[in-house]
Amino acid sequence: MQDQLELIVIHRLPGRLRLRFSQTPLLPDRMVEHIQGHAGIDSVKFTAETENLLIHFDQNEITPQEILLRAGLLSPAR
């Protein structure tokens, strides 16, 4: 049985979102690729040491809520 993964919004500015995971996602590179592939996403960077995900996005094309949903669905926990 896997532990439940939690996403915490660390910082939010217009067009920028920093998330922290409660634990390292199972496939972080794949998660980054999937999020990066969506319309409105400019850049995505995952830092394993801090378990942070930094996303720059066009707020006219995608909302922070949509990003949270995508990150949570694509990030099963180890």
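Everything that follows concerns the structure shown earlier in this document.
The four strands lie next to each other as 1-2-4-3, forming an open sheet whose pairing is antiparallel. The strands lining the two open edges of the sheet, one partner per strand, are strand 1 (7-13) and strand 3 (41-47). Ignoring which end each strand starts from, the neighbouring axes of this sheet average 15° apart. Two strands pair when backbone bridges link them, and strand 2 (residues 16-21) and strand 4 (residues 52-57) are joined in this way by five bridges, in the antiparallel orientation. Bridge pairing in strand 4 links Arg 16 to His 56. In the packing of helix 1 (residues 28-36) onto the sheet, the strands contacted are strand 2, strand 3 and strand 4, and the crossing angle to strand 3 comes to about 165°. Against the sheet, helix 2 (residues 64-73) touches strand 1, strand 2, strand 3 and strand 4, its axis set at about 150° to strand 1.

Attention now moves to unusual backbone geometry. Note: most peptide bonds trans; most residues except glycine with negative phi. Despite not being glycine, Glu 51 shows a phi value in the positive range, around 55°. As for its placement among the helices and strands, Glu 51 is situated in the loop between strand 3 and strand 4.

This part takes up helix 2. Along helix 2, the residues that are buried comprise Pro 64, Ile 67 and Ala 71. End-on, the buried residues of helix 2 take up no more than an arc of 55°, which puts them together on one face. Turned more than 90 degrees away from the buried face of helix 2 sit Leu 69 and Leu 73, all of them exposed.

What counts, and at which threshold
Residues numbered from 1 in each chain as written. Predicted model: local features only at pLDDT ≥ 70, side-chain atom pairs only at ≥ 80, totals over all residues. Heavy atoms only, no water. Pairing = 2+ DSSP bridges. Helix = DSSP H or I, 4+ residues; strand = E, 2+ residues; numbered from the N terminus. Axes fitted to C-alpha atoms, helices over the stretch in contact; angles between N-to-C directions. Contact = heavy atoms within 4.5 Å. Buried < 20%, exposed > 50% of the residue type's maximum accessible area, 1.4 Å probe, protein only. Arc of directions from axis to C-beta.

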